[in-house]
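Breakdown of the fold
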Amino acid sequence: MNDEVVENAAEEGEVVIQSVSDVGHAAVENVTKTAGDFFTWVKGFITWDNLFKVVGALLILLALFIIYKLCMRAIKKVPPEKLSPQKAVGVLKIVQYAYYFIVVMYILSLFGVKLSAIWGAAGVAGVALAFAAQTSVSNIISGIFIVAEKTMKPGDLITVGSETGIVDTIGLLSVQIHTLDNQLIRIPNSTIINSNMLNTSYFPRRRICITVYVSYDTDMEYALETLKKVPALCKTVLKDPAPAAWFDGFGDSGIKLVLAVWFNSADFLATKNAAYIGIKKVFDEAKIEIPYTKIDVNFPEDGINTKPAVKSQKKASSKSKAKK
């Protein structure tokens, strides 16, 4: 009985070994066949015709790369007077995207991909995206107009609606500014295009007009000549264009005069402060009074009694008047 068991086990072992051997031989045959097919494909692919095609494609890609680098270098060498830094960044991005697009399209054409199908799919996708992102497209188009018009640049002080700040960046979707108290504000490009924008820093020189009143008892010629002395006291006031002073009407508080002075845009605060200080100084020296509102309040003498005090206060209030 034991001899039969041993013989059966031996036979089963031989069967297992034979099956493993058969599997190994089959795997080796498959690998050999696959390798042979690959080498056959490589041998069939490496022909003079295909070799010339590969070399030609590499040369075209190299030529495109050289042209791309030359364009980028030429744009960077354009002087800022002809091409502003902000506009140069936009042009560089457009050239870069165009280069990548051309290279990808060329490589796809080498592999036999039909570009007409891609253009059709891109057209359908473009229409769908346009309807889905109308606001973004509007901001992008507005951003192109902003860059083309050159109405602002980083560092300019602008006012759009109720927001005032210094321009940090001009992007495709928005313009980022920081306010004078250092808070970031993002303004969509379409908002800037569709509303009035004030660029305080656009021109290198500015003018400020300051209004001042004098009493009706003041000699008008004397007051005007006194006001004309103020620009000489301000170091930041420009002589060309020359300062000016004139009468601007008769107001409720007195005779209205206006002083206009020119200065460099960077000297706004210094000029404004110096002008007000100068006006007060020359008017004090000339004994010219700047009128201001005065109120006289009369109190009743019999304020101890409640009822009479109320009546007399009403009368006093009716007699109260403003001296100007």
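These remarks concern the structure in this document. (Residues numbered from 1 in each chain as written. Predicted model: local features only at pLDDT ≥ 70, side-chain atom pairs only at ≥ 80, totals over all residues. Heavy atoms only, no water.)

A few points about the overall build of the protein chain
Helix and strand counts for the protein chain come out as nine helices and 10 strands. Split into buried and exposed, the 324 residues of the protein chain put 22% on the buried side. For the protein chain, the proportion of contacts with a sequence separation of at least 24, taken over those separated by at least 6, is 60%. (Helix = DSSP H or I, 4+ residues; strand = E, 2+ residues; numbered from the N terminus. Buried < 20%, exposed > 50% of the residue type's maximum accessible area, 1.4 Å probe, protein only. Contact = heavy atoms within 4.5 Å.)

Re the side chain of serine 190
Assignment of secondary structure puts serine 190 in helix H6 (residues 189–193). Overall, the relative accessible area of 15% leaves serine 190 in the buried class. Apart from residues lying up to four places away in sequence, serine 190 is in contact with Ser138, Asn139 and Ser142.

A look at the pattern of salt bridges
This model, assessed by the stated rule, comprises four salt bridges. The residue lysine 228 makes a salt bridge to glutamate 225 at a minimum N-O spacing of 3.9 Å. By relative accessible area, which is 45% here, glutamate 225 ends up partly exposed. (Salt bridge = Lys/Arg side-chain N within 4 Å of Asp/Glu carboxyl O.)

A closer look at the packing of aromatic side chains
Taken as a whole and assessed by the stated rule, the structure comprises five aromatic pairs. Consider the rings of tyrosine 68 and tyrosine 99, whose centres lie 4.3 Å apart with planes at 15 degrees: the pair is stacked. Here tyrosine 99 lies in helix H3 (residues 85–110) and tyrosine 68 lies in helix H2 (residues 48–76), a separation of 31 residues in the sequence. The buried category is assigned to tyrosine 68, whose relative accessible area is 10%. Exposure remark for tyrosine 99: the relative accessible area of 15% places this residue in the buried category. (Phe/Tyr/Trp six-rings, centres within 6.5 Å; stacked < 30°, edge-to-face > 60°.)

A short note on the pairing of strand E1 (residues 157–160)
Two strands pair when backbone bridges link them, and E1 and strand E2 (residues 163–170) are joined in this way by four bridges, in the antiparallel orientation. Of the residues in E2, the one forming a bridge with valine 160 is glutamate 163. Connecting the antiparallel pair E1 and E2 is a turn made up of two residues, with glycine 161 showing a positive phi of about 65 degrees. Two strands pair when backbone bridges link them, and E1 and strand E5 (residues 197–199) are joined in this way by three bridges, in the antiparallel orientation. (Pairing = 2+ DSSP bridges.)

Comments concerning the packing of helix H7 (residues 220–227) against helix H8 (residues 268–285)
Two elements in contact, H7 and H8, have axes separated by 9 Å at closest approach and are oriented at 135 degrees. When the axis of H7 is compared with that of H8, the two are oblique. The element H7 and its partner H8 pack so that their crossing is right-handed. Listed contacts from H8 to Ala223, Thr226 and Leu227 of H7 are Ile279, Val282 and Phe283. Of the residues that constitute the contact of H7 with H8, the class distribution is five nonpolar, one polar and no charged. (Axes fitted to C-alpha atoms, helices over the stretch in contact; angles between N-to-C directions. Parallel < 35°, antiparallel > 145°, perpendicular 65-115°, else oblique. Left-handed = near helix turned anticlockwise from the far one by under 90°. Nonpolar A, V, L, I, M, F, W, Y, C, P; charged D, E, K, R; others polar.)

Considering H8
Across its 18 residues, H8 extends 26 Å between first and last C-alpha, which sits within 8% of the 26 Å expected from 1.5 Å per residue. If you check which residues of H8 are buried, you get Thr271, Ala275, Gly278, Ile279, Val282 and Phe283. Seen along its axis, H8 keeps its buried residues to an arc of 115 degrees; they face one direction. Residues Leu269, Ile277 and Glu285 are exposed on H8 and point more than 90 degrees away from its buried face. Lysine 287 lies just past H8 and shows a positive phi near 60 degrees. (Expected span 1.5 Å × (residues − 1). Arc of directions from axis to C-beta.)

Structural notes on the sheet that holds strand E8 (residues 255–264)
If you trace the three strands from one edge of the open sheet to the other, you get E6-E8-E7, paired in antiparallel fashion. Both outer strands of the open sheet, strand E6 (205–214) and strand E7 (244–250), are each paired with one neighbouring strand and no more. Across the sheet, the axes of successive neighbouring strands diverge by a mean angle of 25 degrees, strand direction being ignored. Here E7 runs beside E8; their pairing, made up of five bridges, is antiparallel. Bridge pairing in E8 links alanine 245 to leucine 259. Packing of H8 onto the sheet brings it into contact with E6 and E8, and relative to E6 it is tilted by some 25 degrees.

A short note on the pairing of strand E3 (residues 174–178)
Inspection of the sheet shows E2 paired to E3 by four bridges, in the antiparallel sense. Bridge pairing in E3 places isoleucine 170 opposite valine 175. The hairpin turn running from E3 into strand E4 (residues 184–188), its antiparallel successor, is five residues long, and asparagine 182 in that turn takes a positive phi close to 65 degrees.

A look at a positive patch on the surface
Among the surface-exposed residues, Lys69, Arg73, Lys76 and Lys77 lie close enough to one another that they form a single positively charged patch. Tracing the backbone through its elements, the reader meets lysine 69 in helix H2. A relative accessible area of 41% places lysine 69 in the partly exposed class. (Patch = residues over 30% accessible without salt bridge, like charges linked within 9 Å, V, L, I, M, F, W, Y side chains within 5 Å. Areas by Shrake-Rupley, 256 points an atom, 1.4 Å probe, with all protein chains shown as cover. Lys, Arg positive; Asp, Glu negative; His and termini not counted. Charge placed at Lys NZ, Arg CZ, Asp CG, Glu CD.)

Quick look at the sheet that holds E5
Strands sit in the order E4-E3-E2-E1-E5 across an open sheet of five strands; the sheet is antiparallel. The open sheet has two free edges, formed respectively by E4 and E5, since each of these has just one partner strand. On average, adjacent strands in this sheet sit at an angle of 40 degrees to one another, irrespective of strand direction.

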